[in-house]
Amino acid sequence: MTQKNRLNGGQIDRDTTLSFTFDGKHYKGHPGDTLASALLANNVRLMGRSFKYHRPRGPLTAGSEEPNAIVELRSGARQEPNTRATTAELFDGLSATSQNRWPSLTFDAMAINDRLSNFLTAGFYYKTFMWPAAFWEKIYEPIIRKAAGLGSLSMRADPDTYDKGFRHCDLLIIGAGPAGLNAALTAGRAGAQVILADEDFRMGGRLNAETYSVADMSGADWARQTVAELATLSNVRLMPRTTVIGAFDHGIYGAVKRVSDHLATPAAGKPRQILWRIYAKQTLLCAGATERPIAFDNNDRPGIMLAASLRAYATRWAATPAQRVAIFTNNDDGHRTARDLQAKGVKIAAVIDTRQDAARSYDYEVLQGAQVVDTKGRLGLTFVEVKQADGSIRTVECGALGVSGGWNPNVHLTCHQRGRPTWNDSLAAFVPGGTLPPGMSVAGAANGDLSTHGALKSGAEAARKALGLKGRAPAVPQAEDAPGTQTPFWYVEGCSRAWLDQQNDVTVKDVKLSHQEGFRSVEHLKRYTTLGMATDQGKTSNIGGLAIMAELAGKSIPEVGTTIFRPPYTPTAIGVLAGRMRGKEFHPTRLTPSHVWAKERGAVFVEVGNWLRAQWFPLPGETHWRQSVDREVTATRASVGVCDCTTLGKIDVQGSDAATFLNTVYCNGFAKLAVGKTRYGLMLREDGIAMDDGTAARLAEDQFVVTTTTANAGRVYQHMEFVRQCLMPEADVQLISTTEAWAQYAVAGPNSRRLLQKIVDPDHDISNEGFPFMACANITVCGGLRARLFRISFSGELAFEIAVPSRYGDALMRRLMTEGEEFDVTPYGTEALGVMRIEKGHAAGNELNGTTTALNLGMGRMVSKSKDSIGSKLSERPGLNEADALMQVGLRPLSAEDKVTAGGHLMKASGLVDAAHDQGYVTSAAYSPTLGRMIGLGFLKDGGNRMGETLRLVSPVTDLTVEVEVVSAHFVDPEGERVRA
Amino acid sequence: MHDLTPITALGGSAARVDSVGDVTLTEVPDVALASVAARRRQEAACAQTLERLLGTAVPLPGYAAEGAEYAAFWTGPDQWMLSADFNGYEDVAARIKAEVGDRASVTEQTDAWVCFDLVGGRINAVLELLCNVDLTRFETGRATRTSIHHLGCYVISTNAGQSVRILGPRASADSLHHAITTAMASAL
């Protein structure tokens, strides 16, 4: 029979039937069901196995605090372990599998652990796996790893997408129970921007699970009506299926919205979940309360659950775990469960009340002053043993037992900024107290107002207070107002294997053992026993552990204190923390103005920072990158090549103090640079180490264009802004990045001028005389387009850099190629660029590596002594100016066939090879098609005085030893004749 | 007149248009931009000149202003971005420099940015997935610097809840476009 335990009523859509499977078996349920409620309706109580002892377990709760009923949901790449059946919304085709069992849920071989429980006590690992030490890595660790954990990962990439977003409000209300709904109504009607978030898919909280009335209608109807009104208010945003996972600084809350978890697969383009960052001026926590269990021997059998959860299943989901139910309570709320279930036709076997003066009932038997001392039933509850007031033992037959030990306010979010809750004696529970996150207030059961009336009233009042609303408070809807006192009853005297933490299998005995072994701090208790860890974070177990610990230590519970509550409130998918930032979307890319053209040419791209730069342009027949690169270098040096150098940082520096400013940021002088001239500049850090190099072109008396290396563009700009705003606040200087505004191409090679003369408008003289080496000018090209021309060279050839507004970059590149046909113009990429700069001995990122000084780079004399500049003073430190300081040199292998590797170290021709005898290291290496061999640049102690010396280049990592000769770093055109041609 | 053919920031010959539901994202290449930063001790004079160009007061922090020829939004202390129709104002920087003279530093910014207009009844649903702007108070005429997909962008409210203009770094136009269209598919 299907849905044997389905009751009448409930908030489920019986007109629609949903099919689902659990461990491969088919079941039916309805929209509105959770996986747990549907399984219970189908008479399935056994849903999982416990972590350590593999004890059979069913749901303890009906909400997100669930420790037991955790399953693997879905299959394939979407398989998700450790999903709470109590919160998983049922959808058609849902498939769930039990976890942490082998071979099956009903017969689990690992349940042998339960028999060995005398050995597997708290601290078992620490005591057992101490010796022999050699066993740890090969034997113990693999075994523990295999046994550890609950669910399993699919080991496949998550096929779903996740979004992140931002929302702002005047008042964030967390929890849509009676307090939250009434608060939202109050704030919403007052016109405030309100966000109401609730983890449930149906707003209303306990109102949906109770039978009592609010304002002369059922609580559930009042909730539905209130939500409907809120939905009409444009200033109120309702966020169901949204868990506020953390309270962070400055009124920022993390909230995970489950957009598609209730669907088989997300709709096209839709995310599975969204992580909302909510900026709230004020926050009202209406998170409700969690019922607490009572510990007694074998209190973990499937069918034993919290009494109010039992009631929720019956009232909201029309489901019961069994047709014959007993209740074990220390308060009146347990009796409410008995009444509600009986009204639904469930047989109440007995209400076992610990209080001698518990009220009797005409409808069911009440055992006053009685306690449950043990239970029976291997895979599900069959009997409970009750010790009656007179000491006699009575066995009560039942398939389910509702347990109620009172309620604990959900204070978690109030403590996320290290606040501590305070103890309330009349509730025997922790309530929010101490320092709450700024802007947060608490209402309803979360604040200890356990009655419905109290929740409605405090919700409205708190909202008014938070928003500073004046005037007469609106009337509070009429609702039950049972007194909110609770008497503590944590565990049944004499119990031993009584579960406190059902997820981690921590018993009363374990807590006692922990105390016996000297663990006095509550934080130590947690780590030693694992109480309160794992996916439920001890929502139902912590207080019991604290109570027992307090008793053993002879202290009160508040003296023992609580462990720290940290985000996230409930388990959170890692994917939602990443959002869209995964794979190719991990970071944005930057494309050069010639990207489309380069792609057409079949360029091979390389990521440089976020930029995609053409690395080389292979031609048909070229099978190895070196063939392409060698060709590009040779062709450029023979005639003309073009390279997109837009990626170099460009910073526009203007103002009457622009030259003074550059004199400060560069170690060499700029004040006297003539308009129309460009100068190489070196920036030092405050500590005298080289930071970045580039050029500054003076386009006007009060305007320079500074270039930086591609990699350092952002940092240099940031540094210059710091200098401008903080070190030279009175100077008249303005900065702005123009990197992306201009498409800039290097045109290099002996025919570069001839090519450019076909592009540059004829009224601009770019002859050697009219436009000499290091000249710069605003010009026009192609019949009047504004452009900039710089005569600078990185390759060591006669070269120019030409810039046009980026939108024309593509057209200019195509024009250069067309006009350059007669010169066999060759586009070249970053590899050829790198080879040519090594051949020329120009320093780049490899040499400006954060440890080198101007002196090391052979530019010691560039650091001007006639002015003050950043880093110049500290560059004079003795440690940076020793006689045998590292100096940049060129390295040439004696044998043309030998390899030069960057990272290799330099040793004398003979002698020991070790760190103590280190002479320096290689920073850059390349095959030089111009020289027909590999060459390198490096730093060598006293390098300037060691030209011609033979050294050994060693790389112990790659087992390389090569003899190299120390030569000038300028392998090509050392006199610089070409660049001035 | 030169003979080089421009391409848009997204690499096409025409502006890209994408629609999801009633929201449309349009690439707007015909925007000429220039940054204007007052010279030291010339702040008041610079603002006065800009007021004349705009025909209205210079925008305060967090705001934009629109005149007949030029529009502007605040980018920093005594610093604004001015925009004009590219057709006819391609030389926007030179034109403004001619007006402000030594009272301000002017830098051409036209092709430093990609410009998108996001228009439609539910743009806020898209924007809230993209940037940390308080949309409950993003009235017409508000302008802000914000981060979209790790990119520093400007967002200008041109018609509250109905249309915004987004300026992002031109070289990352593809990434920005992808981020916006993905958010459109997700939100709408």
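### Focus on the pairing of strand β22 (residues 383–387) of chain A
All names here are of chain A.
Phase 1 of the analysis: Bridge count between strand β21 (residues 371–376) and β22: five bridges; the pairing is antiparallel. Paired with Thr375 across the strands is Val384, a residue of β22.
Phase 2 of the analysis: The turn linking β21 back onto β22 is made up of six residues, and Gly377 within it adopts a positive phi angle of 120 degrees.
Phase 3 of the analysis: Sheet analysis places β22 next to strand β23 (residues 393–397), joined by five bridges and oriented antiparallel.

### Here's the deal with the interface of chain B and chain A
Phase 1 of the analysis: The interface of chain B with chain A comprises 37 residues on the first partner and 38 residues on the second.
Phase 2 of the analysis: Looking at the side of chain B that touches chain A, the elements that each hand over two or more residues are β3 (31–38), β7 (104–108), α4 (123–130) and α5 (173–187) of chain B.
Phase 3 of the analysis: Element by element, the count of residues in the side of chain B that touches chain A is highest for α5 of chain B, at five residues.
Phase 4 of the analysis: A per-class count over the side of chain B that touches chain A returns 12 nonpolar, 16 polar and nine charged.

### Regarding the nonpolar core
For soluble globular proteins, nonpolar side chains are generally found buried alongside one another.
Phase 1 of the analysis: Among the nonpolar cores identified, the biggest contains 177 residues, and Leu662, Tyr745, Val747 and Leu789 of chain A together with Val36, Ala72 and Val126 of chain B are the most heavily contacted of them.
Phase 2 of the analysis: Beyond its immediate stretch of four places on either side in the chain, Val36 of chain B contacts Leu50, Trp80, Leu82, Ile96, Val100, Ala104 and Val106 of chain B.
Phase 3 of the analysis: Grouped together as the second largest cluster of nonpolar side chains are 92 residues, Val44, Phe489, Trp490 and Ile543 of chain A included.

### Some thoughts on the sheet that holds strand β2 (residues 23–27) of chain B
All names here are of chain B.
Phase 1 of the analysis: The antiparallel open sheet is built from six strands, whose spatial order is β1-β2-β8-β11-β10-β9. Each edge of the open sheet carries a strand with a single partner, namely β1 (17–20) and β9 (143–148). Neighbour to neighbour, the strand axes of the sheet diverge by 25 degrees on average, direction disregarded.
Phase 2 of the analysis: Bridge analysis of strand β10 (residues 151–159) against strand β11 (residues 163–169) gives five bridges, and the strand direction is antiparallel. What sits directly across from Val155, in β11, is Ile166.

### Digging into the domain arrangement of chain B
Often, the extent of an interface is quoted as the loss of accessible area upon association of its parts.
All names here are of chain B.
Phase 1 of the analysis: Domain annotation for chain B reports domain 1 (17–29 + 112–187) and domain 2 (31–110).
Phase 2 of the analysis: Of note, the centres of domain 1 and domain 2, computed from C-alpha atoms alone, are 23 Å apart.
Phase 3 of the analysis: Taken residue by residue, the interface counts 10 residues in domain 1 and nine residues in domain 2.
Phase 4 of the analysis: Within the residue set of the side of domain 1 that touches domain 2, elements represented by two or more residues are β8 (113–119), β9 and β10.
Phase 5 of the analysis: Residue classes in the side of domain 1 that touches domain 2 are distributed as seven nonpolar, two polar and one charged.

### Observations concerning α5 of chain B
Phase 1 of the analysis: With 15 residues, α5 of chain B ought to run about 21 Å at 1.5 Å a step, and its terminal C-alpha atoms sit 21 Å apart, in line with that.
Phase 2 of the analysis: Of the positions making up α5 of chain B, those classed as buried are Ala173, Ser175, Leu176, Ala179, Ile180, Thr182, Ala183, Met184, Ser186 and Ala187 of chain B.

### Focus: the packing of helix α10 (residues 508–516) of chain A against helix α11 (residues 522–529) of chain A
Residue and element names in this part refer to chain A.
Phase 1 of the analysis: Look at α10 against α11: their axes get within 10 Å of each other, and the N-to-C directions meet at 120 degrees. Taken together, the axes of α10 and α11 are oblique relative to one another. Judged by the sense of rotation from one axis to the other, the crossing of α10 with α11 is right-handed. Where α10 abuts α11, its residues Asp510, Val511 and Ser514 lie against Leu525, Tyr528 and Thr529.
Phase 2 of the analysis: Of the residues contributing to the contact of α10 with α11, the split by class is three nonpolar, two polar and one charged.

### Overview of the pairing of strand β40 (residues 742–748) of chain A
Residues and elements named next belong to chain A.
Phase 1 of the analysis: Within β40, seven of the seven residues are buried, which leaves the element mostly enclosed by the surrounding structure.
Phase 2 of the analysis: Bridge count between strand β34 (residues 641–644) and β40: four bridges; the pairing is antiparallel. Directly across from Cys643, in β40, lies its bridge partner Ala746.
Phase 3 of the analysis: As defined by bridge partners, β40 adjoins strand β43 (residues 799–805) across seven bridges and the pair is classed as antiparallel. Paired with Ala743 across the bridge in β43 is Val804.

Scoring rules and cut-offs
Residues numbered from 1 in each chain as written. Chains lettered and ligands numbered in written order. Predicted model: local features only at pLDDT ≥ 70, side-chain atom pairs only at ≥ 80, totals over all residues. Pairing = 2+ DSSP bridges. Helix = DSSP H or I, 4+ residues; strand = E, 2+ residues; numbered from the N terminus. Contact = placed C-beta atoms within 7 Å. Nonpolar A, V, L, I, M, F, W, Y, C, P; charged D, E, K, R; others polar. Core = buried A, V, L, I, M, F, W, Y, C linked by C-beta atoms within 7 Å. Buried ≥ 20, exposed ≤ 12 C-beta atoms within 10 Å, placed from the backbone. Axes fitted to C-alpha atoms, helices over the stretch in contact; angles between N-to-C directions. Domains from an automatic or database assignment. Expected span 1.5 Å × (residues − 1). Parallel < 35°, antiparallel > 145°, perpendicular 65-115°, else oblique. Left-handed = near helix turned anticlockwise from the far one by under 90°.

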